[in-house]
Structure formats: C-alpha cells, structure tokens
Amino acid sequence: MPKFNPSFSTRAIHVGQEADAETGAVAVPIYATSTYVQQEIGKHKGYEYARVSNPTRTRLEKNLASLEGGVASRVFASGMAAINAICTMFKTGDHVVCGHNLYGGTPRLFNQVLTGYGIAFTYVDTGEVRNVERAIRKHTRMVFVETPTNPLMALSDLRAISKVCRQKKVDLVVDNTFMSPYFQQPIALGAGMVVHSTTKFLNGHSDGLGGVVVCTRPEQDEQLGFVQKAAGAILSPFECWLVLRGVKTLAIRMEQHDRNGRQVAAFLAKHKKVKKVFYPGLPDHPQHELALRQMSGFGAMITFETGSLANANKMLRKVRVCSLGESLGGVETLISHPATMTHAALGEKGRKQIGITDGMVRISVGIEDVEDIIADLDQALATI
Ligand SMILES: Cc1ncc(COP(=O)(O)O)c(C=O)c1O
C-alpha cells in the first residue's frame, strides 16, 4: 500500500485529534484531572501527575509538532513561558544572538530577567546574515529570530541564517507566531526549534493564552519535558483543547486573513493620510522577493505610519469594526499602537534605535468582510 502522506489541513484536523479510544468521541476530551490512579507501585498507564503530562496536552503536542514538521513539541502557559523554557536550558556564561526588533516582551525577559542569571544577549539586525555570523561567539548557544518582525515587518533569510548556524553548531530558533506554520515552515528551511505564542493564529479566537516549542531533536524534547515537570509553566487541559479546536480551521482562517491583509495593505498604500505601509506582500517592500521565496502567503499583519502620536490617537479613538487592543491573530481585526503597547518596554531610546515611531499603528487584519474593515479604517483616517 502506498504510504499515506496527508497534507496540512488533514494533519491539522486529524493528527493528535483521533477519535477517543474509549467512547469514540470525535472531539478530543478535556482531561480535567490533577492525578491518575496507578495499578500498583510503579505501574500506571503512562500518566502520573498532570504537571508532568496530560492526555489533552499530549494530543496538542503531537498535532503542533506535525504542523511545523518537528519530531515533537512541548506546550507552555504562554508564548513567553515557551521562550523562557528554552532559555532555562542555558547556563551562566552562555550567549544568545537575537534580532534587534522582536516582540517587546522577549527583550524584556532577556534583559530584565535572564541577564541576572549571567546569560548574555547581543542584538543585531538579522536582516543581514553577516551580522549574525559576526555576532556568534564561542559560548553562543542560540540565534533567536522573528520573521517578519513585530511591528516593522522586516524579514530575515531563514535558509541563509540556518546555514551559518549549522556551520557554527548553534541552534537557530524562530518565533513563527506572525506567519503560523500554514505560511512559513522554519524547520524545512533549517531551523533547530520553532516557538509560537499559540495565543495568536494557532488558537485564532482570542480566548486563551499559550505557547509552544517545536523540536527537531529528541534530546530537545526530553529537556523541555523536564522543564515542564520541574518549572511547571504548563498549558492547562482546557486551553490545550481550545488550541486543538482552533487549529482545525487554521488553513481556511489563514487564507482569509491573507486575502483581507492584501486588500487592506493595498488600500492603506494608496491612502493620502498614510505616510508609509510595512507589509511584505507589497511589491515595494524591500524584501518582497525574499517573502515570495520563504513564505507561501503574506498574512494579516500590517504596520503603517500616521505621522504622529496625535494622529495615531485620533484615528484609534474612531475605529469601530477594528478593536483597539494588544494581541493579534484572532478572527477579529485588532489594531494597536506599538510605542505605547507591545513595545513600551523598549523605552523611547530603544524604539528610536530600531525605527519604531510614535505615529505607527499595527493591524492584525481579521476575517470579517474586508469592505467593512476598509470602510472603518477610511472613516477613522478621515479624522487626521
Ligand atoms: C511574536 C510574539 N512572540 C511572543 C509573544 C508572547 O506571547 P504570549 O503573549 O502568549 O506570552 C507575542 C505576544 O504578543 C508575540 O507577538
């Protein structure tokens, strides 16, 4: 019989989502239990205590590993807990090279928590591969990249960076939250691990927090499993279930996010009140060619320049279909102000260094009818 090699949506709906063996329930049950009965000392069904493992979690971990093309995955209480879990594998004296434009919470963890444990971080523009190569030192353990970046939508060439990382024997870790595995597969491009805030597109409905690390080697899985057990920042069974439900529609949601994203970006690019649009799908994006090569869609994340804090504030007060708030990746259009929200922790100087201005507005385009999103933005922009 030929080997069955299911495609993305089939895996999203079926891997780890098999019918329940006991009852035939088509949806994965939420195993709301803290512990498991054992048959005798040392004899059990593979589950001992829910911090260590839970069947709903096992199912989700299997599913997400399949979607990213990894050997295994481990889920955590939030995206930040997932990134932190990776860093707990490092020790004093270790060094990390990272992109200079990451989600603001990531450098906050690196600079304000982990440097206290003697881990050093060097921030470079990972858009230039040679910057990464130059920054790698003897004790570098990880290169951490977000592509596209938040909120500047700048890309890094994952294939080229992973080649450098392989030569230097350093793991490339990619935060793939913005693209989801539907549009970008960092492991296929050579990454050693992938992280997501599952809070975003993987869940997709803005109703739960979570994070995942997808591994390419069994020893990473083993170490992260130990971190789950030892540090305990695991994802609850209910929130695992929400993500299992969310990923069933990931492909169709991403297609609609992408269709709407392209139209909203085109509208903004032509609008006379908008000074600049940052979206890799626009032909004038400086890395449009790389986007075409590395991603199979452009997604829903768009940043644009209104010119000033006052202008941004005026329009953000007027939106009705778009909801003003942090986060992204939900079915609803979310609009935010990076300087005072997601990137406030960088401080004015830190933001200026990488080019985040007070006039920037970021949209996570939802899957509503696109003409309503555009009409809403149009009326809000008319106020500036
Ligand atoms: C790209 C990216 N990575 C990580 C995180 C952190 O995820 P969480 O909020 O689930 O901790 C976020 C949150 O906005 C994000 O946008």
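Residues numbered from 1 in each chain as written. Predicted model: local features only at pLDDT ≥ 70, side-chain atom pairs only at ≥ 80, totals over all residues. Heavy atoms only, no water.

**Quick look at the side chain of threonine 126**
For clarity, the cut-off: The secondary structure listing takes helices from DSSP runs of H or I that are at least 4 residues long and strands from runs of E that are at least 2 residues long, numbered from the N terminus. Under the scheme applied here, a residue whose accessible area is under 20% of the maximum for its type counts as buried, over 50% as exposed, and between as partly exposed, the area being computed with a 1.4 Å probe on protein chains only. Residues adjacent in sequence count toward polar contacts only when both atoms are side-chain atoms; beyond that, a polar contact is any pair of N or O atoms within 3.5 Å, and within protein one must be able to donate a hydrogen and the other to accept it.
Positionally, threonine 126 belongs in the loop between β3 (120-124) and α5 (129-135). Accessibility expressed as a relative area gives 5% for threonine 126, which makes it buried. Among the polar contacts listed, one links the side chain of threonine 126 to the side chain of serine 156, at a separation of 2.7 Å.

**Considerations on the sheet that holds strand β9 (residues 301-305)**
The pairing of strands in a sheet happens through backbone hydrogen bonds and is either parallel or antiparallel. Defined as follows: A pair of strands is labelled paired if DSSP reports no fewer than 2 bridges between them. Only heavy atoms enter the contact rule, under which two residues are in contact if any of them lie within 4.5 Å. To obtain an axis, a line is fitted to C-alpha atoms, over the contacting stretch when the element is a helix, and the angle between two such axes runs from 0 to 180 degrees between their N-to-C directions.
Read across the open sheet, the 5 strands follow the order β8-β9-β12-β11-β10; overall the sheet is mixed. Where the open sheet ends on each side, the last strands, each with one partner, are β8 (276-278) and β10 (323-324). Across the sheet, helix α10 (residues 250-270) touches β8, β9 and β12 (360-364), and the angle it forms with β9 is around 10°.

**Observations concerning the site of the ligand**
What counts is decided by this rule: Any residue with a heavy atom positioned within 4 Å of a molecule or strand is treated as near that molecule or strand. For accessible areas, the Shrake-Rupley method is used with a probe of radius 1.4 Å. Any residue's cover is judged against the shown protein chains and nothing else. Note on residue categories: nonpolar means Ala, Val, Leu, Ile, Met, Phe, Trp, Tyr, Cys or Pro, charged means Asp, Glu, Lys or Arg, and polar means any other residue, Gly included.
Around the ligand there are 13 residues in total, and Gly79, Met80, Asp175, Ser197 and Thr199 lie nearest to it. Within the side chain of lysine 200, one N or O atom sits 3.0 Å away from an oxygen atom of the ligand. The fraction of the free accessible surface of the ligand (380 Å²) that becomes covered by protein chains is 92%. Among the residues forming the shell around the ligand, the class breakdown is 3 nonpolar, 7 polar and 3 charged.

**Section: the side chain of threonine 342**
Relative to the helices and strands, threonine 342 resides in the loop between β11 (334-336) and α13 (347-354). Here the side chain of threonine 342 touches histidine 343 through a polar contact of 2.9 Å, side chain to side chain. Residues in contact with threonine 342, not counting those within four places in the same chain, are Tyr103, Gly104, Gly105, Glu326, His337 and Arg362.

**Examining the packing of aromatic side chains**
What counts here: Two rings belonging to Phe, Tyr or Trp (six-membered ring only in the last case) form a pair when the distance between their centres is within 6.5 Å. Interplanar angles under 30 degrees mark stacking, angles over 60 mark edge-to-face geometry, and anything in between is tilted.
Taken as a whole and assessed by the stated rule, the structure comprises 7 aromatic pairs. For the pair tyrosine 36 and tyrosine 47, a centre-to-centre distance of 5.5 Å together with 40° between the ring planes defines the contact as tilted. Separated by 11 residues along the polypeptide, tyrosine 36 in the loop between α1 (8-14) and α2 (55-68) and tyrosine 47 in the loop between α1 and α2 bring together distant segments of the chain. On the basis of relative accessibility, which here comes to 15%, the residue tyrosine 36 falls in the buried class.

**Considerations on the nonpolar core**
Taken as a class, soluble globular proteins show a tendency for nonpolar side chains to be buried jointly. Selection rule: Take the buried Ala, Val, Leu, Ile, Met, Phe, Trp, Tyr and Cys residues and link them wherever side-chain atoms come within 4.5 Å; each set so joined is a nonpolar core.
Membership of the largest hydrophobic core comes to 64 residues, with the highest contact counts inside it found for Val264, Leu268, Phe304, Met315, Ile335 and Leu377. Per element, the largest residue contribution to this core is 7 residues, and it comes from α10. Listed in part, the 26 residues of the second largest apolar core include Ile86, Val173, Val195 and Val213.

**Notes on the pairing of β12**
Burial analysis of β12 places 5 of its 5 residues in the buried class, the great majority of the element. Of the strand pairs in this sheet, β9 and β12 are connected by 5 bridges, and their pairing is antiparallel. From the neighbouring strand, phenylalanine 304 faces β12, where its bridge partner is valine 361. Of the strand pairs in this sheet, β11 and β12 are connected by 3 bridges, and their pairing is antiparallel. Counterpart to serine 336 in the pairing with β12 is arginine 362.

**Observations concerning the pattern of salt bridges**
Basically, it comes down to this: We count a salt bridge whenever a side-chain nitrogen from Lys or Arg sits within 4 Å of a carboxyl oxygen from Asp or Glu.
Within this structure, the stated rule accounts for 11 salt bridges. For arginine 130, the salt bridge goes to glutamate 128, with nearest N and O atoms at 3.4 Å. The partner of arginine 217 in a salt bridge is glutamate 219, with the nearest N and O atoms 3.1 Å apart. Exposure remark for arginine 217: the relative accessible area of 34% places this residue in the partly exposed category. Connected through shared salt-bridge partners, Glu18, Arg59 and Lys62 make up one network.

**Regarding the packing of α10 against helix α14 (residues 370-381)**
Just so we agree on the cut-off: Comment on the angle field: the value is read as roughly parallel under 35 degrees, roughly antiparallel over 145, roughly perpendicular from 65 to 115, and oblique elsewhere. Note on convention: the crossing is left-handed when the near helix lies turned anticlockwise from the far helix by less than a right angle, right-handed when the turn is clockwise.
Between α10 and α14, the shortest axis-to-axis distance is 10 Å and the interhelical angle comes to 30°. Looking at the two axes, α10 sits roughly parallel to α14. α14 is crossed by α10, and the crossing has right-handed handedness. Packed against α10, whose contacting residues are Asn260, Gln263, Val264, Phe267 and Leu268, the element α14 presents Val370, Ile373, Ile374, Leu377, Asp378 and Leu381 at the interface. When the residues that make up the contact of α10 with α14 are grouped by side-chain class, the tally is 8 nonpolar, 2 polar and 1 charged.

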